[in-house]
Amino acid sequence: MKIITVILLSFLTQCFWAQTNPKDTAKKITQLSEVCISDDTHPDNASFNFYKGSKLANTEDILSRMEGVSLIKRGAYGLEPILRNYGSGQTNITIDGMRIYGACTDKMDPVSIYVEPVNLQSIQVAHGAAGALNGSTIGGQINFNLKEPSYNCNKKIHGQVGQSYSTINKGSNTNFALQQTLHKFSYRVSGALRDAGNYKSGDNIQIKNSGFHKSNLSAALSYKIDSLQTLKINYLGDWGKFIGYPALPMDVGSASAQIYSMSHHTIFKNKKLESNELKVYYNHIVHQMDDTQRPEAPMHMDMPGWSTTFGFYDNLSIKKGIKLRVDYHHVNTRADMIMYPSGEPLMYLQTLPENNLSNIGFSLQKLFTLKHKQQINLNGRIDLFNQSAISSAGINQWKVFNTDISTSKQDFLKNLNLNYSKLFTGHLFLQLTFGYGERIATSNERYGYYLYNRQDQFDYIGNISLKPERSYQTELRIKKEFKKVEVSMNLFYHLTKDYIYSYKLDGYGQMTIGAFGLKTYKNIDYALSTGAEFTTKFNVTERLTHISSIKYVYAETHNGKPLPLVPPFKLQQALRFKIQLTQIQLEHDYAYAQNRINIDYGDRQTPSFHLFNLRIAQNIRIKSSILQLGIACENIFDQNYREHLDIGNIPRFGRNFLMNASLLF
Amino acid sequence: MKLSYKIIALSAATVLTFSCKKKETKIETPTPIETPVETTTMNKLGEVYIQGANAKAFIYTTSTLQTGYNEIYVALFDSTDGSSLSTGHFDILPIMDMGTMQHSSPVENTEDTVVTNGYFKTAVIFSMAGTASQWFLNLNFHNHKNQKFGAAKFGVNVAASSPSKFKSTVVAADNNASIFITLLNPLKPEVGINDFEIVLHKKNSMMEFLPIDDYTVEIEPTMPSMGHGSPNNVNPVITEKGHYKGKVNFTMSGLWQIKIKLSKNGTALSDTQYFEITI
Ligand SMILES: [Cu+2]
Ligand SMILES: [Cu+2]
């Protein structure tokens, strides 16, 4: 473990020197440990640390290798993370704890796209109701922690510039970061520019409309009020242009995200209180889909969408292992469709009628430490939701279904998670979790109006009277450390009552040209989902490490129908060889065929595949800086393959050479 | 014939354009005559003496006259003392004079002999466009106050409604009857649920048109450029005098076509006529 940490750190931070130059000041070592804390906060997640260290990975690569995480692909960009088989409505994806809602009714803009690796400090993943501390959920939570400016006594500017290039799509990625401490202030600015053309899949097939352009800028300012209080202001901006989504009938002409936050941290020198964090935030997402790049489109169409969220949260830590949290957020979302037939008046509708959702939640966590290295962690959360469509065209549209969506809907959600763990002698760790989680229907599921789903080629309308999904969950985690081998295993069984499931509306026509008909959602009796994750880490020698992970999910409805979008059995393994400043990593991914599919939903069978990647990284010390060079060959055997969750039968990247150079100073 | 019809339509359109530019005038007070009670804004078409009945007629419409359904309001006043005439029998007969022949059009005259809100209300369904030289209204009034009867002739301009609110079709399965289909509602179409109303008339002779009460009407709204329809429409059913009422739903704004399917006792009669509606 220690060795891994050292390897990791050496690739992670500008504080590399502290490791290689033990003569450096103690202060620098402190700085190192600060960085170290960030990735150490989730020691469970060995995969994250391991893969992030490879430097050639992007956020999505890292995510896809985390326990129980899979990605839905619609284009070369903007992959949507799903947890086990839980999709975006059932999980919470946050950045620094902030709620951000996609503005795209087609889920083209998962929150993860706003986080560039240059900004990424850590990713926290919690499965099932255990992730409900920051918001009700049944599927879990992914939180991206952005890098923050750190305080150090060294007033020099630290930073990095990097450039990478990938041959498969002539993709370039330029990124930079700067950080400095000035008296009580400390700032960090970073950004990235990414450009890519159409990519080629295995067998040299060009995938049309798969290029993208985007830029990302992040700025953070931290002010130390006194030794106990800190004030932080954060800005994150992301702009995308002509982002291709080959799996969908439309691309994104432009998209932008503006994310602001301000937070106040206090450490108490109090007998009862420990610390408090108060954060207020605001974000505004604009998403403009169009089909101007699609010559085959029957008629030009724009589909803009907006989401505006503001909120706050307050986390209070009290001694004796108690954490209290109160949070509030309010979001306004809307999506339009405008069509331009030639020589006729334009056509307009709101595919997502404008609506407001507000949520206030309270959570309480209490940790009981018992004798014999036993712990009980209890956390509960209650949420109040209020949602209604607001006066606009959307309300009138819905009248044709004899439905008044302007009446506000209230939901009261409860989450409870009980977790017992024991550390046995002989480095055996056991954890048993019982959870109960609830989630409300998404605005799409509630108010969506003829939303076209490419997967099953049906239009969908919402159902205002959907009940919340209620999930009963049990999980077992076993971890055993041997001398050189570390093994961990998760087993889970989730039973979700009132599962929200789609069904065909007979006698109703579609709206989208070429669609097969109309579907809506209803609560079915239950759905169950069970499976396992298995991870091993084998430190063969000090220089050679092998890591592997296995994920498997089995999910079906109450009458035995397979749930849609369930990833098949997957094995991911990597062999890393590290000698001094050189690192060589060979990766192998194997996915079993997925033949348990939901035909109604347009699921397709996916054959199995093997995938091999090779990554080599070399660090070169230049005076007080480090030059990191990386080269990789992904999909070495040029496999023409697709992951089961990929929409529209679009294959993934063929053989790709990736080059990367970064200078850390 | 075709050409002349075009010319008529064109000139009618011109008239329409001009009349549209005119600001809608509030009801004028016919001096020295009492003010009609109704205060809605209406277009005054004009005024005419009804010879023989000692009456002066002030003629109003709710909009400019078009092919299709037109409500016509007539306020009548005693031409000697200016007092409002509230009892009597008033009716209209529209006539189009095409030189070689004359024909009429469906008309809905009220049976009421007492005015409501100061007006005798009637409705005329103009079957084609025409300027004053072709269309005129024969006004007939039986003044119950003095028991006198009189008539007047009043020329009107009728523009072609665009999109058309009037369709005619020959129904082979109903003895080659000439059927007039007139759209009344939605007047102000909007996305969502709309009242739908049509009137059906059968041509009995050049001068006589009878309301049809025994047809079955089905409607089918579609957006032609997308090829989709809308859910939960309510087929119109007969209410009275050829009027069929139902509901039509529009799921989005844009151009819609509402196809009218007519049948009688289970026999399909016509399904080719449609009205265009733009929201
Ligand atoms: Cu989109
Ligand atoms: Cu349409």
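This report concerns the structure included in the present document. What you see is a predicted model; the values in this text were computed from it and never measured.

## Overview of the pattern of salt bridges
If charged atoms from side chains of opposite charge come close, those side chains can pair.
Residues and elements named next belong to chain A.
(1) Moving on: Using the criterion set out here, one finds 39 salt bridges over all chains in the structure.
(2) Moving on: A salt bridge links Asp-525 to Lys-497, with the nearest nitrogen and oxygen atoms 3.8 Å apart. One end of the pair, Asp-525, is in strand E26 (residues 518-539); the other, Lys-497, is in strand E25 (residues 485-504), with 28 residues separating them in the sequence.
(3) Moving on: Judged by its relative accessible area of 41%, Asp-525 falls in the partly exposed class.

## Overview of the sheet that holds strand E18 (residues 267-278) of chain B
Sheets are built from strands paired through backbone hydrogen bonds, the pairs being either parallel or antiparallel.
Residues and elements named next belong to chain B.
(1) Moving on: Strands sit in the order E14-E17-E18 across an open sheet of three strands; the sheet is antiparallel. Looking at strand neighbours, the two that pair on one side only are strand E14 (216-222) and E18, the edges of this open sheet. For this sheet, the mean angle separating the axes of adjacent strands, direction not counted, is 20°.
(2) Moving on: Note that strand E17 (residues 255-264) and E18 share nine bridges and pair antiparallel. By the bridge assignment for E18, Leu-262 is matched with Ser-270.

## Re the interface of chain A and chain B
(1) Moving on: With 22 residues of chain A at the contact, the number on the chain B side is 18 residues.
(2) Moving on: Here chain A meets chain B over a buried area of about 1,600 Å², counting both sides, of which 63% is carbon and sulfur.
(3) Moving on: It is A:Met347, A:Val400 and A:Met511 that lose the most area in chain A upon contact with chain B, and together they represent 32% of the buried surface on that side.
(4) Moving on: Run the count over chain A and chain B and you get zero salt bridges.

## Remarks on the side chain of A:Asp251
(1) Moving on: Along the polypeptide, A:Asp251 turns up in strand E14 (residues 251-267).
(2) Moving on: Among residues more than four places away in sequence, those in contact with A:Asp251 are A:Asn209, A:Ile243, A:Gly244, A:Tyr245, A:Gln288, A:Met289, A:Asp290, A:Gln293 and A:Arg294.

## Brief notes about the sheet that holds strand E1 (residues 43-50) of chain B
All names here are of chain B.
(1) Moving on: Read from one edge to the other, the open sheet built from five strands follows the order E1-E2-E3-E7-E6, with strand pairing classed as antiparallel. Of all strands in the sheet, those bounded by a partner on one side alone are E1 and strand E6 (107-109). Adjacent strand axes in the sheet meet at a mean angle of 25°, parallel and antiparallel pairs treated alike.
(2) Moving on: Relative to strand E7 (residues 120-126), strand E3 (residues 68-78) runs antiparallel, the two being bridged by seven bridges. Its bridge partner lying in E7, Asn-70 is registered against Val-124.

## Comments concerning the coordination of the copper ion (ligand 1)
Residues and elements named next belong to chain A.
(1) Moving on: Every protein donor of the copper ion (ligand 1) is listed here as Cys-104 (SG), Met-108 (SD), His-287 (NE2) and Met-289 (SD), and their distances to the metal cover 2.1 to 2.7 Å.
(2) Moving on: Mapped onto the polypeptide sequence, the residues donating to the copper ion (ligand 1) form the spacing pattern C-x3-M-x178-H-x1-M. Both residues of the pair, His-287 and Met-289, belong to the buried class.

## A short note on the pairing of strand E11 (residues 177-185) of chain B
A regular strand carries its side chains on alternate faces of the sheet.
Residue and element names in this part refer to chain B.
(1) Moving on: Most of E11 sits inside the fold, with eight of its nine residues counted as buried.
(2) Moving on: Here strand E10 (residues 166-171) pairs with E11 via six bridges, running antiparallel. In the strand pairing of E11, Ser-168 is matched with Phe-180.
(3) Moving on: Following E10, the chain reverses through five residues before pairing antiparallel with E11; Asn-175 in that reversal takes a positive phi of roughly 55°.
(4) Moving on: As paired elements, E11 and strand E12 (residues 192-203) share six bridges and run antiparallel to each other. Looking at E12, one finds that Asn-185 is bridged to Glu-197.
(5) Moving on: The turn joining E11 and E12, which pair antiparallel and follow one another in sequence, is formed by six residues.

## Observations concerning the environment of A:Phe577
Residue and element names in this part refer to chain A.
(1) Moving on: Along the polypeptide, Phe-577 turns up in strand E28 (residues 570-579).
(2) Moving on: Assessed through its relative accessible area of 32%, Phe-577 is described here as partly exposed.
(3) Moving on: Each C-alpha atom of the pair Phe-577 and Pro-341 lies 60 Å from the other, and the pair is 236 residues apart in sequence.
(4) Moving on: Those residues in contact with Phe-577 that lie beyond four places of it in its chain are Arg-543, Leu-544, Thr-582, Gln-583 and Ile-584.

Scoring rules and cut-offs
- Residues numbered from 1 in each chain as written.
- Chains lettered and ligands numbered in written order.
- Predicted model: local features only at pLDDT ≥ 70, side-chain atom pairs only at ≥ 80, totals over all residues.
- Heavy atoms only, no water.
- Salt bridge = Lys/Arg side-chain N within 4 Å of Asp/Glu carboxyl O.
- Helix = DSSP H or I, 4+ residues; strand = E, 2+ residues; numbered from the N terminus.
- Buried < 20%, exposed > 50% of the residue type's maximum accessible area, 1.4 Å probe, protein only.
- Pairing = 2+ DSSP bridges.
- Axes fitted to C-alpha atoms, helices over the stretch in contact; angles between N-to-C directions.
- Contact = heavy atoms within 4.5 Å.
- Buried area = accessible area lost by both parts, 1.4 Å probe.
- Donors = N, O, S within 2.8 Å, 3.2 Å for Na, K, Ca; no water.

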